[in-house]
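As a plain string of letters, each chain reads:
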Amino acid sequence: MEILKKPLLTEKVTLLTEKFNRYAFKVDPRANKIQIKGAVEAMYGVNVEAVNTMRYAGKLKSRNTKAGSVSGRPSKYKKAIITLKDGETIDFYSNTI
């Protein structure tokens, strides 16, 4: 099970990062906080102070087409907000891959 799917880089998350040293990730819906903390510490080499998680259900969306009304749902996902210890950062833009 791949725990960390991808980092979320939105304006809202960027403000959280600048003010409170928090980062957001899309994670596997089956992962718990302990697994998420271990994955972030192993991948980025930082010390995690706290993990907050949120589950999002796919919202119902519909559109009208020539063939009639089409409805469906985007995928559900889980988001984790990671708080790092003071003085530590994660650099998503470095070319050290």
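Located above this text is the structure these notes cover.
Residues numbered from 1 in each chain as written. Predicted model: local features only at pLDDT ≥ 70, side-chain atom pairs only at ≥ 80, totals over all residues. Heavy atoms only, no water.

K.L.:
Just give me the short version of the pattern of salt bridges, but keep the residues and values in it.
P.N.:
Per the stated rule, a full pass over the model turns up 2 salt bridges. Among the ionic pairs, Lys5 bridges to Asp28, the shortest N-O distance being 3.8 Å. Note that Lys5 is positioned in strand 1 (residues 4-8) and Asp28 in the loop between strand 2 (22-27) and helix 2 (33-44), a separation of 23 residues in sequence. The closest approach of N and O atoms between Arg30 and Asp28, which form a salt bridge, is 3.1 Å. Arg30 gets classed as exposed once you look at its relative accessible area, which sits at 63%. Accessibility expressed as a relative area gives 4% for Asp28, which makes it buried. Through salt bridges with shared partners, one network takes in Lys5, Asp28 and Arg30. (Salt bridge = Lys/Arg side-chain N within 4 Å of Asp/Glu carboxyl O. Helix = DSSP H or I, 4+ residues; strand = E, 2+ residues; numbered from the N terminus. Buried < 20%, exposed > 50% of the residue type's maximum accessible area, 1.4 Å probe, protein only.)

K.L.:
Help me get a handle on the environment of Arg63, residues and values and all.
P.N.:
With respect to the helices and strands, the residue Arg63 is situated in strand 4 (residues 61-65). Setting aside residues no more than four positions away along its own chain, Arg63 makes contact with Gly68, Ser69 and Val70. (Contact = heavy atoms within 4.5 Å.)

K.L.:
Can you tell me about the pairing of strand 2, naming the residues and giving the values?
P.N.:
As paired strands, strand 1 and strand 2 are joined by 4 bridges and run antiparallel to one another. Residue Pro7 lies in a different strand from strand 2, and its bridge partner there is Phe25. (Pairing = 2+ DSSP bridges.)

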